[in-house]
Amino acid sequence: MHRAEATKGRRLKLFQTYDSPFPTRVRLLLYAKGIEAEIIQPPGFHASTETKEEYLKVNPIGRVPTLVLDDGRALPESEVICEYLEDAYPEPSLRPADSWSRARMRLLSRICDFYVVMAMVPLFTFSARSRRHWEPAAIEAAIDKLSEALAYLDDFIGEDGYAVGHGLTQADGAIAPQLVLANEWIPELFGTRAPLDGLPRLAAYWRAIQTDPLAARLIAETRDAIAERKAAAQAAAAARR
């Protein structure tokens, strides 16, 4: 039996949050492949006063996303989930056909995870603090590291409107939400320069990828989630006054 047929009719569950970039790459595959899944935002994330106790029973690592199959088996880690979905639901594929392009796809995703995200970690930390506890020199240093990491993407990004080749791949699901954070959220929050300045290939990619309907949907979901989180933080601050 074809794998897609074997899994037809399953009701998957995706535990995730919309403002985290990692579940976004999983949602790209769900949308592109027409896979139905229940989206669940677990308690205990961000500024929530709830604990992760219940979610830890699903995923003891305690991070999002987690994909739960209809038989209760749970699979964490976004890249692993994407590989599973590609194997279980092979059509349409979001992996390039040739081995070199697949390697480039995985390279771009890896640059996102190991360089771009790690450069943003200090900025995430400062964003959770009140402004009087910000350290301008440390923030500027983090912006420099982020620019360096984005330059790696600029070196390897495709030039045909997508990360690799002429259509959406898993790499676009990794890169697009990171660029919402890096090129929009960070400059607005910290009042810093736009990180894509001086990165023409990546800037061209960013303009082009927003015209793809599925990528645009993911980008809009990320922007909306960031706006909701900002509004909630402002409301909480106002309540404390």
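Residues numbered from 1 in each chain as written. Predicted model: local features only at pLDDT ≥ 70, side-chain atom pairs only at ≥ 80, totals over all residues. Heavy atoms only, no water.

**Q** Lay out the overall build of the protein chain with the relevant residues and their values.
**A** Helix and strand counts for the protein chain come out as nine helices and four strands. Taking 241 residues into account, the globule formula puts the C-alpha radius of gyration at 18 Å, and the protein chain, at 18 Å, falls close to it. Overall, the protein chain is about 60 × 45 × 25 Å in size when its C-alpha atoms are taken along their principal axes. Counting the 241 residues in the protein chain, one finds 45% classified as buried. In the protein chain, the proportion of contacts linking residues at least 24 apart, taken out of those at least 6 apart, comes to 67%. Accessible area of the protein chain: about 12,500 Å², with a carbon and sulfur share of 54%. Distance between charge centroids for the protein chain: 4 Å, based on 30 positive and 33 negative side chains. (Helix = DSSP H or I, 4+ residues; strand = E, 2+ residues; numbered from the N terminus. Rg over C-alpha atoms; globule rule 2.2 N^0.38 Å. Buried < 20%, exposed > 50% of the residue type's maximum accessible area, 1.4 Å probe, protein only. Contact = heavy atoms within 4.5 Å. Areas by Shrake-Rupley, 256 points an atom, 1.4 Å probe, with all protein chains shown as cover. Lys, Arg positive; Asp, Glu negative; His and termini not counted. Charge placed at Lys NZ, Arg CZ, Asp CG, Glu CD.)

**Q** Go over helix 8 (residues 200-209) with me, naming the residues and quoting the values.
**A** Within the sequence span of helix 8, burial applies to Leu-202, Ala-203, Tyr-205, Trp-206 and Ile-209. Buried residues of helix 8 fall within an arc of 160° about the axis and therefore sit on the same side. In helix 8, the exposed residues that point more than 90 degrees away from the buried face are Pro-200 and Arg-207. (Arc of directions from axis to C-beta.)

**Q** Can you lay out the side chain of Thr-24 for me, pointing to particular residues and giving the numbers?
**A** Its location among the elements puts Thr-24 in helix 2 (residues 21-33). Classification of Thr-24 by relative accessible area gives buried; the value is 0%. Excluding residues within four positions of it along the chain, Thr-24 makes contact with Gly-173, Pro-177, Leu-218 and Thr-222.

**Q** Residue-level account of the pairing of strand 1 (residues 12-15), with values.
**A** Pairing of strand 1 with strand 2 (residues 37-40) involves four bridges; the strand directions are parallel. Across the sheet, residue Leu-14 finds its bridge partner in strand 2, namely Ile-39. Direction of pairing for strand 1 relative to strand 3 (residues 66-68): antiparallel, over a ladder of three bridges. Each residue of the ladder has a partner; that of Leu-14, found in strand 3, is Leu-67. (Pairing = 2+ DSSP bridges.)

**Q** Report on unusual backbone geometry, specifying residues and quantitative values.
**A** Going from Val-64 to Pro-65, the amide bond is cis rather than trans, its omega being 5°. In this fold, Pro-65 is placed in the loop between helix 3 (53-58) and strand 3. Of the consecutive residues Glu-91 and Pro-92, the connecting peptide bond is found in the cis state with omega at -10°. Inspection of the secondary structure puts Pro-92 in the loop between helix 4 (78-88) and helix 5 (99-127).

**Q** Describe the pattern of salt bridges, listing the residues and the values that go with them.
**A** The final tally for this structure, using the stated rule, is 19 salt bridges. Where Glu-83 meets Arg-106, a salt bridge forms, and the shortest distance between an N and an O atom there is 3.8 Å. Here the residue Glu-83 occupies a position in helix 4, and Arg-106 occupies one in helix 5, the gap between them amounting to 23 residues. Here Glu-221 makes a salt bridge to Arg-217, at a shortest N to O gap of 3.6 Å. (Salt bridge = Lys/Arg side-chain N within 4 Å of Asp/Glu carboxyl O.)

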